[in-house]
Each structure stands twice: as C-alpha cells, then as structure tokens.
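# Close look at the chain arrangement
Chain by chain, the residues:
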Amino acid sequence: MASIFHSTDGDFERDVLKSDLPVLVDLWAEWCGPCKMIAPILEEAAADYEGRVKIGKLNVDENQRIPARFNVRSIPTLLLFKNGELVAQKVGALSKSALTAWLDAQLPQTQTA
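Residues numbered from 1 in each chain as written. Predicted model: local features only at pLDDT ≥ 70, side-chain atom pairs only at ≥ 80, totals over all residues. Heavy atoms only, no water.

### A word on the packing of aromatic side chains
In the structure shown here, the tally under the stated rule is three aromatic pairs. Between Phe12 and Phe81, the ring centres sit 5.5 Å apart and the planes meet at 75°, which makes this aromatic pair edge-to-face. Linking Phe12 in helix 1 (residues 12–17) with Phe81 in strand 4 (residues 77–82), this pair joins segments that are 69 residues apart in sequence. Take Phe12 and Phe81: they sit in the same class, and that class is buried. A ring pair is formed by Phe70 and Phe81, whose centres lie 5.2 Å apart and whose planes are at 80°; its orientation type is edge-to-face. Taken together, the residues span a long stretch of sequence, with Phe70 in the loop between helix 3 (65–69) and strand 4 and Phe81 in strand 4 at a distance of eleven residues. Pair check on accessibility: Phe70 and Phe81 agree, each one buried. A cation over an aromatic ring shows up here: Lys54 above the ring of Phe5, its NZ or CZ 5.2 Å from the ring centre. Lys57 extends its terminal NZ or CZ atom over the ring of Trp28, reaching a point 5.1 Å from the ring centre. (Phe/Tyr/Trp six-rings, centres within 6.5 Å; stacked < 30°, edge-to-face > 60°. Helix = DSSP H or I, 4+ residues; strand = E, 2+ residues; numbered from the N terminus. Buried < 20%, exposed > 50% of the residue type's maximum accessible area, 1.4 Å probe, protein only. Lys NZ or Arg CZ within 6 Å of the ring centre and 35° of its normal.)

Right, dumping it as structure tokens:
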C-alpha cells in the first residue's frame, strides 16, 4: 500500500520537482481543522492512485519558503505537479469523490491490456 511522504523546503526539489511521477502536495498545518478532515481521504487516494501519482504533505508552519513560492494563502491547498511544473491547484477540503474527479481530470489515464 502506498504511503504519503512528508517533504520540507529543503527536500521539495528532490521529492516533488524531480519526481518521475506526478506529485500531489497537501499544504497543511496541525491547527487546521479542514486539513485534518482531508488527511484520511489523501491516505485512501495514495493507495488508489499508487503508481500514477505520489502524494506528499508539507507543513506550512515548519516550511514557509515553498508556500510563499507558490503564492499559497489558505490551507489546505493541494498542488499538483507534473514534470516539475505546477499544473493544477485546489484550495479547501475536498470529498473523496471531488478529489478523485479532480485527479482523474488531471492525470493521464492508465492503459489496460
């Protein structure tokens, strides 16, 4: 089962920008209620999308350079990167169905043999 990784300002380039897979980053904080609501949904998505997207978390209280770099003003904010580029962004907690629909629209579909 895929797990969510935790990134930092220092590891962001390696973890996210240089990833071979698309990466969904959840910018969150410990005190944020909606961030806590979306956490189990992201855990499920990490398993559901294993091999198609990596899912990571970045604590905005402990890491302030990356949120500033991408103009993040509210949390939770989900940033989706492909080939090192920010390609989509969602602000606020999402239901599992909304997250799935959003990811499916952004990610290449897998080919079945």
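### Here we look at the nonpolar core
Counting residues in each nonpolar core, the largest one holds 19 residues, and the members touching the most others are Leu24, Leu42, Ile55, Leu78, Leu99, Trp102 and Leu103. Only helix 2 (33–48), strand 4 and helix 4 (96–106) provide two or more residues apiece to this core. Ranked by the residues each element gives to this core, the list is headed by helix 2, at five residues. Setting aside residues up to four positions removed in sequence, Trp102 forms contacts with Leu24, Leu78, Leu80, Ala88, Gln89 and Lys90. In this structure, Leu17, Trp28, Val60 and Leu79 belong to the second largest nonpolar core, which totals 18 residues. (Core = buried A, V, L, I, M, F, W, Y, C linked by side-chain atoms within 4.5 Å. Contact = heavy atoms within 4.5 Å.)

Interpretation note: all reported values are geometric properties and have no functional meaning in isolation.
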